[in-house]
Amino acid sequence: MKHYFILDERLGIEVPDSQEDWDKIPKQDQQHILLKWESIRGHIPDRIQELEQTINQKQHQLDHEADFGISCRLNSEIANLASVINDLWLWYRIHQDISAEKTHS
């Protein structure tokens, strides 16, 4: 079976990576793809929770930081982590609908 996923270092998960038309992928491969995606999707909330814990730690540091430069760095790191969380939720929600459509069609 071809590789239909690629590791997204920023998100910390594998994401779909196929330019191939879904209908041209063999049915057996489609089932494997959907099963793998459901497994990956199942870990997204855990990944988000990890990132939220990191944000909370950085927020705590920020609350007690007097150095302006360090405060700016912490703010930037928090914003980047929040952006990753947002993207993970998008993958989780958007591709949930796609998986359901493909499974039931």
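Coordinates for the structure precede this section.
Keep in mind that what you see is a predicted model, and the values were worked out from it rather than measured. The numbers attached to residues start from 1 for each chain and follow its sequence in the written order. With pLDDT at 70 or above as the cut-off, local features in this predicted model cover only qualifying residues; side-chain atom pairs require 80 or more to be listed or tallied, and sums for whole chains, interfaces and linings still use all residues. In computing side-chain values, all of the structure's heavy atoms are included and hydrogens and water are not.

1. Some details on the overall build of the chain
Right, on to step 1. A tally of helices and strands in the chain yields 2 helices and 2 strands.
Right, on to step 2. Strands here are runs of E lasting at least two residues and helices are runs of H or I lasting at least four, both read from the DSSP assignment and numbered beginning at the N terminus. Seen in sequence order, the chain has helices and strands lined up from the N terminus as β-β-α-α.
Right, on to step 3. Here's how the labels work: a residue is buried when its accessible area is under 20% of the maximum for its type, exposed when over 50%, partly exposed in between, all with a 1.4 Å probe on protein chains only. Relative to its 105 residues, the chain shows a buried fraction of 28%.
Right, on to step 4. Here the analysis covers contacts within the chain between residues at least 6 apart in sequence; of these, 54% occur between residues at least 24 apart.
Right, on to step 5. Here the chain has roughly 7300 Å² of accessible surface; of this, 51% comes from carbon and sulfur atoms. In this analysis, two residues are considered to be in contact whenever any of their non-hydrogen atoms come within 4.5 Å of each other. Per-residue and other accessible areas follow the Shrake-Rupley method at a 1.4 Å probe size, with only the shown protein chains counted as cover for residues.

2. Details of the side chain of R41
Right, on to step 1. With respect to the element layout, R41 can be found in helix α1 (residues 27-63).
Right, on to step 2. Its relative accessible area of 7% is what places R41 among the buried residues.
Right, on to step 3. In protein, a polar contact requires one atom able to donate a hydrogen and another able to accept it; more generally it is a pair of N or O atoms within 3.5 Å, and residues adjacent in sequence count only if both atoms are side-chain atoms. For R41, the side chain forms a polar contact with the main-chain oxygen of Y92, separated by 3.1 Å.

3. With respect to the nonpolar core
Right, on to step 1. Core analysis: the largest hydrophobic core is formed by 22 residues, its most contacted members being F5, L11, I13, I33, I44, L51 and L88.
Right, on to step 2. Counting only elements with at least two residues in this core, the list comes to β2 (13-16), α1 and α2 (68-104).
Right, on to step 3. If near-sequence neighbours (up to four positions away) are discounted, F5 is found in contact with E14, V15, P16, D17, I33, K36, W37 and I40. Nonpolar core, defined: a set of buried Ala, Val, Leu, Ile, Met, Phe, Trp, Tyr and Cys residues in which side-chain atoms within 4.5 Å join the residues together.

4. Regarding the packing of aromatic side chains
Right, on to step 1. Note on aromatic pairs: the rings of Phe, Tyr and Trp (six-membered ring only in Trp) are paired at centre separations within 6.5 Å, and the planes decide the class, stacked below 30 degrees, edge-to-face beyond 60, tilted for the rest. Scanning all chains against the criterion turns up 3 aromatic pairs.
Right, on to step 2. Each ring, one from F5 and one from W37, has its centre 6.4 Å from the other, and the planes form 10°; the classification is stacked. Taken together, the residues span a long stretch of sequence, with F5 in strand β1 (residues 5-8) and W37 in helix α1 at a distance of 32 residues.
Right, on to step 3. Residue classification places W37 among the buried positions, given a relative accessible area of 3%.
Right, on to step 4. Taking the ring centre of Y92 as reference, the NZ or CZ of R41 above it sits at 4.2 Å. For a ring to carry a charge above it, either NZ of a lysine or CZ of an arginine must fall within 6 Å of the ring centroid while also lying within 35 degrees of the normal to the ring plane.

5. Quick notes on the pattern of salt bridges
Right, on to step 1. By definition here, a salt bridge exists when the distance from a side-chain nitrogen of Lys or Arg to a carboxyl oxygen of Asp or Glu is within 4 Å. On inspection of all chains with the given rule, the structure shows 6 salt bridges.
Right, on to step 2. With its nearest N and O atoms 2.6 Å apart, the salt bridge here joins R10 to D87. Remark: D87 occurs in helix α2 and R10 occurs in the loop between β1 and β2; sequence separation between them is 77 residues.
Right, on to step 3. The class for R10 is partly exposed, based on a relative accessible area of 41%.

6. Digging into the pairing of β2
Right, on to step 1. Pairing between strands is defined by DSSP: at least two bridges between them are needed. Pairing of β1 with β2, which is carried by 4 bridges, proceeds in the antiparallel orientation. For L7, the partnering residue across the bridge sits in β2 and is E14.
Right, on to step 2. Remark: 4 residues form the turn of the hairpin made by β1 and β2, two consecutive strands paired antiparallel; G12 in that turn has positive phi of roughly 80°.

7. Some details on the environment of E77
Right, on to step 1. When you line up the elements, E77 lands in helix α2.
Right, on to step 2. Sequence-wise, E77 and K58 are 19 residues apart; in three dimensions their C-alpha atoms are separated by 8.0 Å.
Right, on to step 3. There is a polar contact of 2.6 Å between the side chain of E77 and the side chain of K58.

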